[in-house]
Amino acid sequence: MNSKIWLSSPHMSGHEIGFINEAFSSNWIAPLGPNVVGFEDDLKSYLNQNKDVAAVSAGTAALHLALILLNVGQGDEVICQSKTFSASANPIVYQGATPVFVDSERDTWNMCPILLETAIKDRMSKGKTPKAIIAVHLYGMPYKVDEILAISKAYHIPIVEDSAESLGSTYKGRKCGTFGDYAVLSFNGNKIITTSGGGALVCASKDTKDQAVFLATQAKDPAVAYVHSKIGYNYRMSNIVAGIGRGQMMVLEDHVEKRRKNFQFYKDQLQHIDTIRFLEEPEGFSSNRWLTCVLLKDHGMQEGLRQHLEQDNIESRPLWKPMHQQPVFKEAPRYLNGVSDDLFERGLCLPSGSNLTQDDLDRIVSLIINYFG
Ligand SMILES: *Cc1c(COP(=O)(O)O)cnc(C)c1O
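What you see is a predicted model, and the numbers here were worked out from it, not measured in a lab.

A. Representation of the domain arrangement of the protein chain in the model. One can read the domain layout of the protein chain as domain 1 (16-249) and domain 2 (252-372). Using C-alpha coordinates to define each centre, domain 1 is positioned 25 Å away from domain 2. Facing the 47 residues of domain 1 at the interface are 40 residues of domain 2. Summed over both sides, the interface between domain 1 and domain 2 buries roughly 3900 Å², with carbon and sulfur atoms accounting for 63% of that surface. Together, Trp-109, Tyr-139 and Ile-192 form the three largest contributors to the area buried by domain 1 at its contact with domain 2, with a combined 22%. One can count one salt bridge joining domain 1 with domain 2.

Spelled out as structure tokens, the structure:
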């Protein structure tokens, strides 16, 4: 059996262990400490937009905190991109609110601005103004930031920018993770940098960051005895985990470059096959190419190619199943145009790790060519 090639696996730089050793030798084995502060500072200066950053236990926790800080509660509605991973939508339900799913457009595979406005107007006509919009830069491709932002402003509905897959992507030269009222980053094991598990909430001010940290550390009021006037959460990042993050930040740009090279290699080698299509970057968009995704002719070809790769121990995966197709969200209102259903039928994510070797890439590409042979 040939060695396993994963879709996207952790890629350590060697710098991480130094920060972890430091935590051990100074006994900062806790959900606070110098690595947490250092990692937050690294992220702040990387994003470079006067944002503040709270490091937390997961991207999902950051999303949940964003919704709490935006006062999403029981009976509210929150608009969410349908084509995404379930973690984008689940925190809406944690808050007792209802997700309203909006389909994608073809240029970026992300939230369709036209449909977003249709959805807002329709919800308002039914007597409910959505409390927030969760827009996602899927697979690293930025959503149409200007268009979505204009709608958010026109209707005074804040944006939670799900940037879990798009650290290192830019839109008109500005980093993804800096466009929403809040933005969410993830450092899960499969993401472009990883802390094993972890996330961050990007906030517009120190004040909102402090509120996020307050909620994430059990909402202890400033008193000697334990006084609570709000429900708290245990969502802060561990100082050990943050040490991994500091080491990973030293190679983030290298990871982006390598993943973009993977995409270019696949494209150069495969674009002569006219039943394979790649997602191009519109003018002004730069994707970190977290995953290279291709569109095939139909569902049969998607599944055929996936199995062909699997037989050689190579992992590939259909694109995320849209949330409006998920059994758990079958009651949720939805505004659809067929795009995300079509992408799910025909799309395939190819191995895209920054640790893929040229031999790995050659092996994958020759199998794909052989499938179409
Ligand atoms: C990974 C991911 C999340 C959740 O992040 P975790 O750190 O795994 O909790 C949220 N949204 C999207 C689009 C993701 O890919």
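Now, onward.
B. Seen up close, the sheet that holds strand β6 (residues 170-171). Strand order in the open sheet made by the three strands is β7-β6-β11, with antiparallel pairing throughout. The open sheet has two free edges, formed respectively by β7 (174-175) and β11 (285-286), since each of these has just one partner strand. Direction of pairing for β6 relative to β7: antiparallel, over a ladder of two bridges. In the strand pairing of β7, Tyr-171 is matched with Arg-174.

C. Geometry of the sheet that holds strand β4 (residues 132-136). Read across the open sheet, the eight strands follow the order β1-β9-β8-β5-β4-β2-β3-β14; overall the sheet is mixed. Looking along the sheet, the strands with just one partner apiece sit at the ends: β1 (52-56) and β14 (334-335). The pairing of β4 with strand β5 (residues 159-162) spans four bridges and is parallel. What sits directly across from Val-136, in β5, is Asp-162. Relative to strand β8 (residues 182-186), helix α3 (residues 59-69) is tilted by about 165°, and along the sheet it contacts β1, β4, β5, β8 and β9 (199-203).

D. Quick look at the pairing of β9. Along β9, five of the five residues are buried, which leaves the element largely enclosed by surrounding structure. Neither face of β9 is exposed, since Gly-199, Leu-201 and Cys-203 on one face and Ala-200 and Val-202 on the opposite face are all buried. Two elements, β1 and β9, share five bridges in a ladder whose sense is antiparallel. Note that in β9 the partner of Ala-54 across the bridge is Leu-201. For β8 and β9, the ladder comprises five bridges, and the chain directions are antiparallel. Within the sheet, the bridge partner assigned to Leu-185 lies in β9 and is Ala-200.

The rules behind each value
- Residues numbered from 1 in each chain as written.
- Predicted model: local features only at pLDDT ≥ 70, side-chain atom pairs only at ≥ 80, totals over all residues.
- Heavy atoms only, no water.
- Domains from an automatic or database assignment.
- Contact = heavy atoms within 4.5 Å.
- Buried area = accessible area lost by both parts, 1.4 Å probe.
- Salt bridge = Lys/Arg side-chain N within 4 Å of Asp/Glu carboxyl O.
- Pairing = 2+ DSSP bridges.
- Helix = DSSP H or I, 4+ residues; strand = E, 2+ residues; numbered from the N terminus.
- Axes fitted to C-alpha atoms, helices over the stretch in contact; angles between N-to-C directions.
- Buried < 20%, exposed > 50% of the residue type's maximum accessible area, 1.4 Å probe, protein only.

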